[in-house]
Structure formats: structure tokens, C-alpha cells
Amino acid sequence: MMKRRTILKTGLVGLGTGLGALLSPALPAVAKAPSLLHPKLLAKAKAALEAHDTTIVHKDIIGIADYALHSAKPRFHLVNLMNGRTTSLLVAHGKGSDKKHTGWLQQFSNVPGSEASSGGSYMTAEAYVGKHGRSRRLTGLDPSNDLAYQRAIVIHGAWYVDNKMVSQHGKIGRSQGCFAFSETDLQEILQRLGTGRLLYADKG
């Protein structure tokens, strides 16, 4: 006969597994790298959330792109402000921000046609299917990125963003200014960073 403690432990494990499947049935079980999120950058993102309090509808989860880090690093952080948990992922920056393709973002730009990344606060908008497949539009909330919607700066998946690229080239590819993620991570980004949330990008 199994001991009561063993039975309870087995039951709890099974219950936890079942709940996990119900809460996130579509998310792949992919191991994530430790977070590199700097406390000062998190503080700046929280200040941005407060500054745009009347615009940002949902304040449970925010996205933070730390473009001070090299593109080989998991520098996009999904931060759950309710429990403090952070998931860090690879994200590309724009060609116009790194013309020599060093892997380092050199500069931001809000100019149409620059193919550069823009810093500042964004609000996530509607999801759609476009030339890059499943994507999500972004609305720039600051003077530094207020042309984001017009420039079609969005969240999308890209073949040139994954750990294989990092292993082979020491960096990932560049976008045309969009927040491009690996196809493996895209579903999680689109699901957790849904419409009406803050995405904050900065360098430093």
C-alpha cells in the first residue's frame, strides 16, 4: 500500500500538470535563458507605464527591449508585474540602427525609410496576418517613435532570429526596424503581450 504522503504528492503533481495544460495549451515547452534585465531599465519602463497610464489598458505584463545589449543576448524581457517573473528572449534591431551589422544597435531613428529601430514607449495594437505571417501592430506614444504605425513597425517572426544564428554567426539578423523574434518565441509574444499593453525600448 502506498503511503498517504506519496499519494498526495502524486496527486498534486498530476493536478499541477493538468492546470498548466489548461492555462497555456498552445505554448511550447522551451527552456528560456536567465534574465539580463537591468533594474534601472525596469524602473524606466515602470515610469513609462505610469506616464501613459490613461492610454495603456492592461498593466499586468510589459515588454522591454534592452538595445544596449548585443543581439546575441536574450535582450527582450516579458515582465509579469503581478508576480515579478521575467522571460527573456532574442529580438532583432533595425538595419538602419546597425549599418555595418556588428550586432550592436548604434542609433535610433523615427524617420520613415530609415529601417532603424525607434526607442520609447509603444502600445500594442491589433494582431494581423501580413507578409511576415502572424504579427502585431504597434502605436508609438512618444515623440521618438510616434511614426511607428505609419512606418509599419510591428512585432513579427523572422527566420534570422534564433539560437542557431547566434551559434553560427555570433549574432542574429537585422529587421527593417521591427521587433522581430524567432518563430519559436513568436506565439508566446503574441499571446502574452496582447492588445493594449506597454512595450518599452531603450538603449542604456
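Residues numbered from 1 in each chain as written. Predicted model: local features only at pLDDT ≥ 70, side-chain atom pairs only at ≥ 80, totals over all residues. Heavy atoms only, no water.

Undergrad: I tried to follow the overall build of the protein chain on my own but got confused; where do I start?
TA: Within the protein chain one finds four helices and eight strands. From first element to last, N terminus to C terminus, the protein chain shows the α and β order α-α-β-β-β-β-β-β-α-β-α-β. When burial is assessed residue by residue, the protein chain has 45% of its 204 residues classed as buried. Partitioning the contacts of the protein chain with sequence separation of at least 6, the portion at a separation of at least 24 is 60%. Carbon and sulfur atoms provide 58% of the accessible area of the protein chain, an area that totals close to 10900 Å². (Helix = DSSP H or I, 4+ residues; strand = E, 2+ residues; numbered from the N terminus. Buried < 20%, exposed > 50% of the residue type's maximum accessible area, 1.4 Å probe, protein only. Contact = heavy atoms within 4.5 Å. Areas by Shrake-Rupley, 256 points an atom, 1.4 Å probe, with all protein chains shown as cover.)

Undergrad: Explanation requested: the pairing of strand 5 (residues 133-140) in the structure shown.
TA: Within a regular strand, side chains alternate between the sheet's two faces. Bridging between strand 4 (residues 120-130) and strand 5 involves seven bridges; their strand directions are antiparallel. Residue pairing for strand 5: Met 123 is matched across the bridge by Thr 139. Between the end of strand 4 and the start of strand 5, which pair antiparallel, lie two residues. Relative to strand 6 (residues 154-157), strand 5 runs antiparallel, the two sharing three bridges. Bridging from a neighbouring strand, Ser 135 pairs with His 156 of strand 6. (Pairing = 2+ DSSP bridges.)

Undergrad: How do you make sense of the nonpolar core when you look at a structure like this?
TA: Most often, soluble globular proteins have nonpolar side chains that are buried together. Counting 21 residues, the largest nonpolar core has Phe 76, Tyr 122, Ile 155, Phe 179 and Leu 199 as its most contacted members. Counting residues per element, this core draws most heavily on helix 4 (residues 183-192), which supplies three residues. Phe 76 has contacts with Gly 63, Ile 64, Ala 65, Thr 87, Ser 88, Leu 89, Val 91, Phe 179, Phe 181, Ile 189, Leu 193 and Leu 199, leaving out every residue within four places of it along the chain. Ala 48, Val 79, Met 123 and Tyr 200 belong to the second-largest nonpolar core, a separate cluster that totals 13 residues. (Core = buried A, V, L, I, M, F, W, Y, C linked by side-chain atoms within 4.5 Å.)

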